[in-house]
Amino acid sequence: MRVHLACDNDIFPPRFGGTQRLFGLARGLATRAEVRALCVVPNRSTGATDETAGGVAIHRTRAWYTSLAWWLERGHVAPLFTADLGHRAQVGALRRALGGPADVLMCDLGMTGMLSGATDALRVYHAQNVEAVRWREAGPRLLAREHWARVMTTFERRAVATSDLTVVCTDEDAEQMRALHGAHDVEVIPNGYDETVLRPADAAARARARTALGIAPDAHVAAFVGGDWGANHEALAFLRREVAPRLAAEGGVLLAVGGASRRLVGLREPGLVAVGEADDLGAVLAAADVGLNPMTSGGGSNVKVPTYLALGLAVITTPFGMRGYAPLASAVEVAPLEGFVDAVCRRPQGWAALGAPAPAALADYAWGALGARLADRFAARLAARREGAA
(Lines give C-alpha, C1' and ligand atoms only; values in the text may rest on other atoms or scores of the structure.)
Protein backbone atom coordinates (compact mmCIF):
# COMPACT_ATOMS: atom_id res chain seq x y z
CA MET A 1 0.00 0.00 0.00
CA ARG A 2 1.32 3.42 -0.95
CA VAL A 3 0.14 6.38 1.12
CA HIS A 4 0.69 10.02 0.18
CA LEU A 5 0.24 12.82 2.72
CA ALA A 6 0.02 16.56 2.01
CA CYS A 7 0.16 19.46 4.44
CA ASP A 8 1.26 23.10 4.55
CA ASN A 9 3.51 22.71 7.60
CA ASP A 10 6.93 21.17 8.06
CA ILE A 11 6.26 17.95 9.94
CA PHE A 12 9.86 17.19 10.90
CA PRO A 13 11.00 17.87 13.47
CA PRO A 14 7.44 18.04 14.85
CA ARG A 15 7.34 21.16 17.03
CA PHE A 16 3.63 21.61 17.85
CA GLY A 17 0.41 19.64 18.13
CA GLY A 18 -0.56 19.59 14.46
CA THR A 19 2.82 18.47 13.18
CA GLN A 20 3.26 16.04 16.07
CA ARG A 21 0.01 14.39 15.02
CA LEU A 22 0.72 14.20 11.32
CA PHE A 23 4.32 13.00 11.66
CA GLY A 24 3.34 10.56 14.40
CA LEU A 25 0.59 9.03 12.27
CA ALA A 26 2.91 8.97 9.24
CA ARG A 27 5.54 7.10 11.24
CA GLY A 28 2.95 4.54 12.32
CA LEU A 29 1.57 4.24 8.79
CA ALA A 30 5.10 3.55 7.58
CA THR A 31 5.11 0.28 9.56
CA ARG A 32 2.39 -0.98 7.23
CA ALA A 33 2.85 1.01 4.01
CA GLU A 34 5.16 3.07 1.83
CA VAL A 35 4.62 6.64 3.00
CA ARG A 36 5.59 9.89 1.26
CA ALA A 37 4.74 13.29 2.75
CA LEU A 38 4.59 16.60 0.90
CA CYS A 39 5.23 19.64 3.08
CA VAL A 40 4.61 23.08 1.57
CA VAL A 41 6.90 25.40 3.53
CA PRO A 42 7.89 29.09 3.38
CA ASN A 43 10.85 30.14 1.24
CA ARG A 44 12.85 30.79 4.42
CA SER A 45 12.68 27.12 5.43
CA THR A 46 16.10 25.63 6.04
CA GLY A 47 14.98 22.00 5.82
CA ALA A 48 16.37 19.72 3.14
CA THR A 49 14.26 19.35 0.02
CA ASP A 50 14.19 15.58 0.54
CA GLU A 51 14.64 13.75 3.81
CA THR A 52 13.65 10.44 5.34
CA ALA A 53 12.66 10.32 9.01
CA GLY A 54 10.92 7.56 10.92
CA GLY A 55 10.49 5.59 7.71
CA VAL A 56 8.64 8.52 6.08
CA ALA A 57 9.97 10.04 2.85
CA ILE A 58 9.50 13.81 3.24
CA HIS A 59 9.56 16.23 0.29
CA ARG A 60 9.53 19.97 1.03
CA THR A 61 8.23 22.40 -1.56
CA ARG A 62 8.84 26.09 -0.92
CA ALA A 63 6.10 28.62 -1.60
CA TRP A 64 6.26 32.40 -1.26
CA TYR A 65 2.51 32.85 -0.84
CA THR A 66 2.35 31.06 2.52
CA SER A 67 4.39 33.89 4.06
CA LEU A 68 2.09 36.45 2.43
CA ALA A 69 -0.95 34.73 3.96
CA TRP A 70 0.78 34.73 7.36
CA TRP A 71 1.47 38.48 7.16
CA LEU A 72 -2.08 39.21 6.04
CA GLU A 73 -3.41 37.42 9.10
CA ARG A 74 -0.96 39.24 11.38
CA GLY A 75 -2.20 42.49 9.87
CA HIS A 76 -5.84 41.51 10.62
CA VAL A 77 -6.66 41.67 6.92
CA ALA A 78 -7.28 38.05 5.86
CA PRO A 79 -6.89 34.61 7.44
CA LEU A 80 -3.97 32.25 6.99
CA PHE A 81 -6.19 29.75 5.22
CA THR A 82 -6.27 32.03 2.16
CA ALA A 83 -3.01 30.24 1.27
CA ASP A 84 -5.41 27.62 -0.12
CA LEU A 85 -5.77 29.82 -3.21
CA GLY A 86 -2.08 29.43 -3.89
CA HIS A 87 -2.16 25.70 -3.23
CA ARG A 88 -5.05 25.21 -5.67
CA ALA A 89 -3.22 27.17 -8.34
CA GLN A 90 -0.26 24.81 -7.91
CA VAL A 91 -2.17 21.51 -7.69
CA GLY A 92 -0.53 20.03 -10.78
CA ALA A 93 2.99 20.84 -9.59
CA LEU A 94 2.20 19.60 -6.07
CA ARG A 95 0.91 16.27 -7.38
CA ARG A 96 4.04 15.85 -9.46
CA ALA A 97 6.17 16.61 -6.41
CA LEU A 98 4.46 13.79 -4.52
CA GLY A 99 4.88 11.37 -7.37
CA GLY A 100 2.40 8.66 -7.97
CA PRO A 101 0.18 6.88 -8.20
CA ALA A 102 -0.93 6.32 -4.60
CA ASP A 103 -3.49 4.03 -3.02
CA VAL A 104 -4.32 6.67 -0.39
CA LEU A 105 -4.08 10.47 -0.57
CA MET A 106 -4.54 12.11 2.84
CA CYS A 107 -4.57 15.91 3.05
CA ASP A 108 -4.74 18.44 5.84
CA LEU A 109 -7.42 21.08 5.24
CA GLY A 110 -5.15 23.58 3.46
CA MET A 111 -4.16 20.98 0.87
CA THR A 112 -7.56 19.42 0.17
CA GLY A 113 -7.66 21.04 -3.28
CA MET A 114 -5.47 18.07 -4.25
CA LEU A 115 -8.33 15.65 -3.58
CA SER A 116 -10.38 16.79 -6.56
CA GLY A 117 -9.58 14.60 -9.52
CA ALA A 118 -7.63 12.04 -7.47
CA THR A 119 -10.42 9.50 -7.91
CA ASP A 120 -8.15 6.46 -8.26
CA ALA A 121 -6.94 6.88 -4.68
CA LEU A 122 -8.82 6.64 -1.40
CA ARG A 123 -9.22 10.37 -0.73
CA VAL A 124 -8.89 11.31 2.93
CA TYR A 125 -9.49 14.63 4.63
CA HIS A 126 -7.34 14.65 7.76
CA ALA A 127 -9.06 17.04 10.17
CA GLN A 128 -6.94 18.29 13.05
CA ASN A 129 -10.11 19.93 14.43
CA VAL A 130 -13.57 20.81 13.18
CA GLU A 131 -12.04 23.94 11.75
CA ALA A 132 -15.31 25.74 11.06
CA VAL A 133 -16.22 25.52 14.75
CA ARG A 134 -12.74 26.21 16.06
CA TRP A 135 -12.36 29.23 13.82
CA ARG A 136 -15.57 30.81 15.13
CA GLU A 137 -14.58 30.14 18.74
CA ALA A 138 -10.87 30.94 18.67
CA GLY A 139 -9.98 32.31 15.25
CA PRO A 140 -7.91 35.47 14.75
CA ARG A 141 -9.31 38.99 14.98
CA LEU A 142 -9.83 40.15 11.39
CA LEU A 143 -11.70 42.70 9.35
CA ALA A 144 -14.98 41.17 8.11
CA ARG A 145 -14.52 38.28 10.51
CA GLU A 146 -18.07 36.95 10.01
CA HIS A 147 -17.46 36.81 6.27
CA TRP A 148 -14.29 34.77 6.80
CA ALA A 149 -16.13 32.44 9.20
CA ARG A 150 -18.60 31.65 6.43
CA VAL A 151 -15.73 31.11 4.00
CA MET A 152 -14.08 28.68 6.40
CA THR A 153 -17.32 26.72 6.80
CA THR A 154 -17.67 26.45 3.02
CA PHE A 155 -14.00 25.51 2.69
CA GLU A 156 -14.26 22.65 5.17
CA ARG A 157 -17.59 21.43 3.80
CA ARG A 158 -15.99 21.20 0.36
CA ALA A 159 -13.11 19.21 1.85
CA VAL A 160 -15.55 16.71 3.35
CA ALA A 161 -17.57 16.51 0.12
CA THR A 162 -14.53 15.78 -2.06
CA SER A 163 -13.14 13.10 0.27
CA ASP A 164 -14.08 9.45 0.66
CA LEU A 165 -13.13 9.42 4.34
CA THR A 166 -12.71 12.03 7.07
CA VAL A 167 -10.25 11.29 9.88
CA VAL A 168 -10.77 13.14 13.19
CA CYS A 169 -9.29 12.83 16.68
CA THR A 170 -12.37 12.71 18.97
CA ASP A 171 -15.88 11.27 18.95
CA GLU A 172 -17.18 14.81 19.50
CA ASP A 173 -15.45 15.99 16.32
CA ALA A 174 -16.91 13.03 14.42
CA GLU A 175 -20.43 13.99 15.42
CA GLN A 176 -19.85 17.62 14.48
CA MET A 177 -18.46 16.63 11.07
CA ARG A 178 -21.61 14.61 10.41
CA ALA A 179 -23.99 17.28 11.68
CA LEU A 180 -22.28 20.34 10.20
CA HIS A 181 -20.88 19.02 6.94
CA GLY A 182 -22.77 15.80 6.24
CA ALA A 183 -19.69 13.59 6.53
CA HIS A 184 -20.70 10.02 5.68
CA ASP A 185 -17.58 8.02 6.54
CA VAL A 186 -15.62 9.19 9.59
CA GLU A 187 -12.74 7.46 11.37
CA VAL A 188 -11.68 8.50 14.88
CA ILE A 189 -7.93 8.23 15.53
CA PRO A 190 -7.06 10.00 18.80
CA ASN A 191 -4.05 12.18 19.45
CA GLY A 192 -1.07 10.49 21.03
CA TYR A 193 2.59 10.75 22.00
CA ASP A 194 5.98 9.82 20.58
CA GLU A 195 6.85 6.55 22.24
CA THR A 196 10.27 6.50 20.56
CA VAL A 197 11.65 9.48 22.49
CA LEU A 198 9.39 10.30 25.44
CA ARG A 199 10.10 8.52 28.70
CA PRO A 200 10.60 9.51 32.35
CA ALA A 201 13.83 11.38 33.03
CA ASP A 202 16.45 9.91 35.30
CA ALA A 203 18.14 11.97 38.01
CA ALA A 204 21.02 12.98 35.74
CA ALA A 205 18.72 14.22 32.97
CA ARG A 206 16.61 16.12 35.49
CA ALA A 207 19.73 17.81 36.93
CA ARG A 208 21.03 18.73 33.44
CA ALA A 209 17.68 20.23 32.46
CA ARG A 210 17.40 22.33 35.60
CA THR A 211 20.98 23.55 35.33
CA ALA A 212 20.46 24.54 31.69
CA LEU A 213 17.27 26.43 32.56
CA GLY A 214 18.60 28.06 35.71
CA ILE A 215 16.08 26.29 37.94
CA ALA A 216 16.99 25.30 41.51
CA PRO A 217 17.32 21.57 42.20
CA ASP A 218 14.61 21.64 44.87
CA ALA A 219 12.09 23.88 43.06
CA HIS A 220 8.64 22.53 42.23
CA VAL A 221 8.27 22.92 38.45
CA ALA A 222 4.91 23.03 36.68
CA ALA A 223 5.19 22.88 32.87
CA PHE A 224 2.90 24.09 30.13
CA VAL A 225 3.46 23.16 26.49
CA GLY A 226 1.52 24.99 23.80
CA GLY A 227 1.82 25.92 20.14
CA ASP A 228 1.27 29.39 18.74
CA TRP A 229 -2.49 29.77 18.54
CA GLY A 230 -5.25 31.54 20.42
CA ALA A 231 -6.45 28.92 22.92
CA ASN A 232 -2.89 28.22 24.08
CA HIS A 233 -2.17 31.94 24.50
CA GLU A 234 -5.30 32.24 26.65
CA ALA A 235 -4.25 29.28 28.78
CA LEU A 236 -0.72 30.62 29.23
CA ALA A 237 -2.06 34.06 30.15
CA PHE A 238 -4.16 32.41 32.87
CA LEU A 239 -1.13 30.53 34.19
CA ARG A 240 1.03 33.66 34.25
CA ARG A 241 -1.68 35.63 36.03
CA GLU A 242 -2.88 33.03 38.54
CA VAL A 243 -0.39 30.18 38.89
CA ALA A 244 3.09 31.68 38.45
CA PRO A 245 2.79 34.16 41.37
CA ARG A 246 1.68 31.38 43.75
CA LEU A 247 4.49 29.13 42.58
CA ALA A 248 7.04 31.93 42.94
CA ALA A 249 5.88 32.60 46.50
CA GLU A 250 6.63 28.98 47.34
CA GLY A 251 9.91 28.75 45.46
CA GLY A 252 8.36 27.08 42.45
CA VAL A 253 8.52 27.75 38.71
CA LEU A 254 6.12 27.84 35.77
CA LEU A 255 8.02 26.40 32.80
CA ALA A 256 6.46 27.55 29.50
CA VAL A 257 7.45 25.67 26.36
CA GLY A 258 6.35 25.98 22.73
CA GLY A 259 5.35 28.66 20.27
CA ALA A 260 2.86 30.23 22.70
CA SER A 261 5.76 31.23 24.95
CA ARG A 262 8.10 32.48 22.21
CA ARG A 263 7.57 36.15 23.02
CA LEU A 264 8.24 35.54 26.71
CA VAL A 265 11.73 34.11 26.29
CA GLY A 266 14.16 36.22 28.34
CA LEU A 267 11.37 38.01 30.20
CA ARG A 268 12.18 38.54 33.86
CA GLU A 269 8.93 37.67 35.59
CA PRO A 270 8.74 36.05 39.04
CA GLY A 271 8.09 32.34 38.83
CA LEU A 272 8.34 32.13 35.02
CA VAL A 273 10.89 30.43 32.79
CA ALA A 274 9.99 30.57 29.08
CA VAL A 275 11.78 28.41 26.54
CA GLY A 276 9.88 28.83 23.28
CA GLU A 277 9.92 25.99 20.76
CA ALA A 278 12.10 22.99 21.59
CA ASP A 279 13.17 20.26 19.19
CA ASP A 280 13.88 17.90 22.11
CA LEU A 281 10.80 18.32 24.26
CA GLY A 282 11.70 15.46 26.56
CA ALA A 283 15.06 17.02 27.44
CA VAL A 284 13.36 20.28 28.49
CA LEU A 285 10.47 18.68 30.36
CA ALA A 286 12.95 16.55 32.31
CA ALA A 287 13.02 19.58 34.62
CA ALA A 288 9.28 19.34 35.38
CA ASP A 289 7.25 17.70 38.13
CA VAL A 290 3.77 18.29 36.76
CA GLY A 291 2.26 19.08 33.36
CA LEU A 292 -0.57 21.60 33.10
CA ASN A 293 -3.47 21.65 30.63
CA PRO A 294 -5.78 24.53 31.64
CA MET A 295 -7.61 24.60 28.31
CA THR A 296 -11.11 26.05 28.08
CA SER A 297 -11.47 26.42 24.30
CA GLY A 298 -10.18 24.99 21.05
CA GLY A 299 -10.89 21.94 18.94
CA GLY A 300 -9.71 18.38 18.55
CA SER A 301 -7.83 17.26 21.65
CA ASN A 302 -4.67 18.30 23.44
CA VAL A 303 -1.53 16.23 22.77
CA LYS A 304 -0.21 17.67 26.03
CA VAL A 305 -2.09 15.07 28.07
CA PRO A 306 -0.50 11.85 26.73
CA THR A 307 2.83 13.66 26.31
CA TYR A 308 2.97 14.60 29.98
CA LEU A 309 1.91 11.10 31.01
CA ALA A 310 4.53 9.47 28.80
CA LEU A 311 7.18 11.50 30.64
CA GLY A 312 5.88 10.19 33.97
CA LEU A 313 4.69 13.62 35.14
CA ALA A 314 1.67 14.36 37.26
CA VAL A 315 -1.04 15.91 35.07
CA ILE A 316 -3.58 18.56 35.99
CA THR A 317 -6.20 19.37 33.38
CA THR A 318 -9.54 21.08 33.07
CA PRO A 319 -12.53 18.89 32.17
CA PHE A 320 -12.47 20.47 28.70
CA GLY A 321 -8.84 19.46 28.31
CA MET A 322 -9.73 15.77 28.74
CA ARG A 323 -11.84 15.51 25.57
CA GLY A 324 -10.74 12.48 23.62
CA TYR A 325 -8.92 10.85 26.55
CA ALA A 326 -11.58 9.18 28.67
CA PRO A 327 -9.49 5.99 29.15
CA LEU A 328 -6.73 8.10 30.76
CA ALA A 329 -9.03 9.85 33.25
CA SER A 330 -7.87 7.81 36.25
CA ALA A 331 -4.24 8.80 35.59
CA VAL A 332 -4.75 12.57 35.77
CA GLU A 333 -6.23 15.15 38.13
CA VAL A 334 -9.19 16.99 36.65
CA ALA A 335 -9.79 20.44 38.12
CA PRO A 336 -12.06 23.27 36.99
CA LEU A 337 -10.33 26.53 36.24
CA GLU A 338 -11.44 28.05 39.56
CA GLY A 339 -9.73 25.20 41.41
CA PHE A 340 -6.70 24.92 39.18
CA VAL A 341 -4.28 26.99 41.26
CA ASP A 342 -5.01 25.03 44.41
CA ALA A 343 -4.54 21.76 42.52
CA VAL A 344 -1.09 22.91 41.34
CA CYS A 345 -0.07 24.04 44.82
CA ARG A 346 -0.93 20.62 46.26
CA ARG A 347 2.11 19.37 44.31
CA PRO A 348 0.79 16.05 42.99
CA GLN A 349 3.32 13.40 41.98
CA GLY A 350 3.36 11.54 38.70
CA TRP A 351 3.56 7.79 38.27
CA ALA A 352 7.32 7.86 37.72
CA ALA A 353 8.01 9.80 40.94
CA LEU A 354 5.77 7.37 42.84
CA GLY A 355 7.65 4.38 41.44
CA ALA A 356 4.45 3.07 39.88
CA PRO A 357 4.03 1.52 36.41
CA ALA A 358 2.78 3.63 33.52
CA PRO A 359 -1.01 3.82 33.17
CA ALA A 360 -2.19 0.69 31.37
CA ALA A 361 -4.17 2.65 28.77
CA LEU A 362 -1.24 4.88 27.80
CA ALA A 363 0.33 2.44 25.32
CA ASP A 364 -2.79 2.67 23.15
CA TYR A 365 -1.94 6.33 22.50
CA ALA A 366 1.56 5.72 21.13
CA TRP A 367 1.78 7.28 17.66
CA GLY A 368 3.21 4.07 16.22
CA ALA A 369 0.16 2.11 17.35
CA LEU A 370 -2.27 4.81 16.21
CA GLY A 371 -0.67 5.10 12.76
CA ALA A 372 -0.68 1.33 12.32
CA ARG A 373 -4.36 1.30 13.27
CA LEU A 374 -5.06 3.95 10.65
CA ALA A 375 -3.17 1.91 8.04
CA ASP A 376 -5.38 -1.07 8.83
CA ARG A 377 -8.49 1.10 8.40
CA PHE A 378 -7.21 2.29 5.02
CA ALA A 379 -6.44 -1.28 3.94
CA ALA A 380 -9.94 -2.44 4.89
CA ARG A 381 -11.56 0.30 2.82
CA LEU A 382 -9.31 -0.40 -0.16
CA ALA A 383 -10.19 -4.11 0.05
CA ALA A 384 -13.89 -3.25 0.16
CA ARG A 385 -13.42 -1.09 -2.93
CA ARG A 386 -11.77 -3.94 -4.82
CA GLU A 387 -14.51 -6.32 -3.83
CA GLY A 388 -17.13 -3.83 -4.96
CA ALA A 389 -15.42 -3.41 -8.32
CA ALA A 390 -15.09 -7.16 -8.91
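As the structure is a prediction and not an experimental result, all values here were calculated from the model.

The subject of this paragraph is the overall build of the chain. Helices and strands together make up the secondary structure of the chain, namely 13 helices and 14 strands. Against the 2.2 N^0.38 benchmark of 21 Å for 390 residues, the chain shows a C-alpha radius of gyration of 21 Å, consistent with a compact globule. With respect to the principal axes defined by its C-alpha atoms, the chain has extents near 65 × 45 × 40 Å. Taking the intrachain contacts of the chain between residues at least 6 apart in sequence as the baseline, contacts between residues at least 24 apart amount to 63%. Looking at the chain as shown, the accessible area adds up to about 16500 Å², and 54% of this sits on carbon and sulfur atoms. Taking the average place of the 41 positive charges on the side chains of the chain and the average place of its 40 negative ones, the gap between the two points comes to 4 Å.

Our next topic: the packing of aromatic side chains. This structure, assessed with the given rule, holds eight aromatic pairs. Pairing Phe-81 with Trp-148 gives two aromatic rings, centres 6.2 Å apart and planes at 80 degrees, and the pair type is edge-to-face. Here Phe-81 is found in the loop between helix 2 (64-74) and helix 3 (83-89), whereas its partner Trp-148 is found in helix 6 (residues 145-161), with 67 residues between them in sequence. Note on Trp-148: relative accessible area 17%, which makes it buried. The ring of Trp-229 has Arg-134 lying over it, and the distance from NZ or CZ to the ring centre is 4.4 Å.

Enumeration according to the criterion identifies 27 salt bridges in this entry. Asp-164 is paired through a salt bridge with Arg-123; the nearest N and O atoms lie 3.3 Å apart. In this pair, Asp-164 is assigned in the loop between helix 6 and strand 7 (165-168) and Arg-123 in strand 6 (residues 122-126), connecting sequence segments 41 residues apart. Side by side, Asp-164 and Arg-123 carry an identical accessibility label, which is buried. Close ionic contact of Arg-150 with Glu-146 constitutes a salt bridge, the shortest N to O distance being 4.0 Å. You can see Arg-150 and its partner Glu-146 sitting in helix 6, four residues apart, about one turn around the helix.

Attention now goes to the environment of Asp-8. Here Asp-8 lies in the loop between strand 1 (2-7) and helix 1 (17-29). Taking the C-alpha atoms as reference, Asp-8 lies 31 Å from Leu-328; in sequence the two are 320 residues apart. The residues contacting Asp-8, other than those within four sequence positions of it, are Val-40, His-87, Gly-110 and Met-111. Within polar-contact distance, the side chain of Asp-8 engages the side chain of His-87 at 3.2 Å.

Among the nonpolar cores identified, the biggest contains 62 residues, and Leu-255, Leu-285 and Leu-292 are the most heavily contacted of them. Examining the composition of this core, we find that eight residues originate from one element, helix 9 (residues 230-249), more than from any other. Excluding residues that lie within four positions of it along the chain, Leu-255 makes contacts with Leu-213, Val-221, Ala-222, Ala-223, Phe-224, Val-273, Val-275, Val-284, Leu-285 and Ala-287.

Now for helix 8 (residues 203-213). Buried within helix 8 we find Ala-205, Ala-209 and Arg-210. Along helix 8, the residues classed as buried sweep out an arc of 130 degrees about the axis, all on the same side. Structural note: helix 8 exposes Ala-203, Arg-208 and Thr-211 on the side pointing more than 90 degrees away from its buried face. Where helix 8 is buried, its residues meet strand 9 (221-225) and helix 10 (281-285).

Time to look at the sheet that holds strand 2 (residues 34-41). Taken together, eight strands build an open sheet; the order of strands is 3-4-2-1-5-6-7-8 and the sheet is mixed. Bordering the open sheet on either side are strand 3 (50-53) and strand 8 (186-188), each of which pairs with just one other strand. Across the sheet, the mean angle separating the axes of adjacent strands is 25 degrees when strand polarity is ignored. Here strand 2 pairs with strand 4 (residues 56-62) via six bridges, running parallel. Across the sheet, the residue bridging to Cys-39 is Arg-60, located in strand 4.

Criteria and thresholds
Residues numbered from 1 in each chain as written. Predicted model: local features only at pLDDT ≥ 70, side-chain atom pairs only at ≥ 80, totals over all residues. Heavy atoms only, no water. Helix = DSSP H or I, 4+ residues; strand = E, 2+ residues; numbered from the N terminus. Rg over C-alpha atoms; globule rule 2.2 N^0.38 Å. Contact = heavy atoms within 4.5 Å. Areas by Shrake-Rupley, 256 points an atom, 1.4 Å probe, with all protein chains shown as cover. Lys, Arg positive; Asp, Glu negative; His and termini not counted. Charge placed at Lys NZ, Arg CZ, Asp CG, Glu CD. Phe/Tyr/Trp six-rings, centres within 6.5 Å; stacked < 30°, edge-to-face > 60°. Buried < 20%, exposed > 50% of the residue type's maximum accessible area, 1.4 Å probe, protein only. Lys NZ or Arg CZ within 6 Å of the ring centre and 35° of its normal. Salt bridge = Lys/Arg side-chain N within 4 Å of Asp/Glu carboxyl O. Polar contact = N/O pair within 3.5 Å; in protein donor to acceptor, adjacent residues only side chain to side chain. Core = buried A, V, L, I, M, F, W, Y, C linked by side-chain atoms within 4.5 Å. Arc of directions from axis to C-beta. Pairing = 2+ DSSP bridges. Axes fitted to C-alpha atoms, helices over the stretch in contact; angles between N-to-C directions.

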